[in-house]
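Next come the chains, spelled out residue by residue.
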Amino acid sequence: QVQLAESGGGSAQAGGSLRLSCAAGGTKTYLSMAWFRQSPGKEREFVARISLNGGATYYAEAVKGRFTISRGNAKNTVSLQMNSLKPEDTAVYFCAARDEILLDVWGQGTQVTVSS
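This is a predicted model, so every value here is computed, not measured. (Residues numbered from 1 in each chain as written. Predicted model: local features only at pLDDT ≥ 70, side-chain atom pairs only at ≥ 80, totals over all residues. Heavy atoms only, no water.)

1. As for the sheet that holds strand β7 (residues 67-71)
Within a sheet, adjacent strands bond to each other through the backbone by hydrogen bonds, running parallel or antiparallel.
Phase 1: The four strands lie next to each other as β1-β3-β8-β7, forming an open sheet whose pairing is antiparallel. Two strands lie at the open edges of the sheet, namely β1 (4-7) and β7, each paired on one side alone. Between one strand axis and the next, the sheet turns by 15° as a mean value, whatever way the strands run.
Phase 2: The sheet contact formed by β7 and strand β8 (residues 77-82) spans five bridges and is antiparallel. Among the inter-strand pairings, I69 is bridged to a residue of β8, identified as L80. (Pairing = 2+ DSSP bridges. Helix = DSSP H or I, 4+ residues; strand = E, 2+ residues; numbered from the N terminus. Axes fitted to C-alpha atoms, helices over the stretch in contact; angles between N-to-C directions.)

Next up, the structure:
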């Protein structure tokens, strides 16, 4: 039984920055954590993922060079630093954690709005 808590969403101007944070509750071990996003009329898309054992990171092409995912100091926590924001980054951002048998748990989502 786990719960993902997301924070840091809000509004920014194009070119600005926001930092999202996510924490997986409980004591369960997770293999990786990731961020996805979804805007109205579009399917949910992958944004970034980080391995919680090796620390390897993966990014969608659309955010490479602008977003950075990193592990927090606490167990099963991650942050997504979003720089050089664009209006097309506007979406609800969802945190996800994958356990050892590849089951995923999702957060409720946090709104990110980027104005031109």
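Once you've had a look at it, read on.
2. Brief notes about the packing of aromatic side chains
Phase 1: Enumeration over the complete set of coordinates arrives at two aromatic pairs.
Phase 2: Look at F36 and F46: their rings are 5.7 Å apart centre to centre, the planes differ by 75°, and that puts the pair in the edge-to-face class. Highlighted residues: F36 in strand β4 (residues 30-38) and F46 in strand β5 (residues 45-51), separated in sequence by 10 residues.
Phase 3: On the basis of an interplanar angle of 55° and a centroid distance of 4.9 Å, the ring pair of F36 and W106 is categorised as tilted. (Phe/Tyr/Trp six-rings, centres within 6.5 Å; stacked < 30°, edge-to-face > 60°.)

3. Some remarks on the pairing of β5
Phase 1: With six bridges joining them, β4 and β5 adopt antiparallel strand pairing. Within β5, the position partnered with F36 by the bridge is F46.
Phase 2: Hairpin geometry of β4 and β5 is characterised by an intervening segment of six residues between the two adjacent antiparallel strands and by a positive phi of about 80° at G41.
Phase 3: Sheet analysis places β5 next to strand β6 (residues 57-59), joined by three bridges and oriented antiparallel. Note on β6: the bridge partner recorded for I50 is T57.

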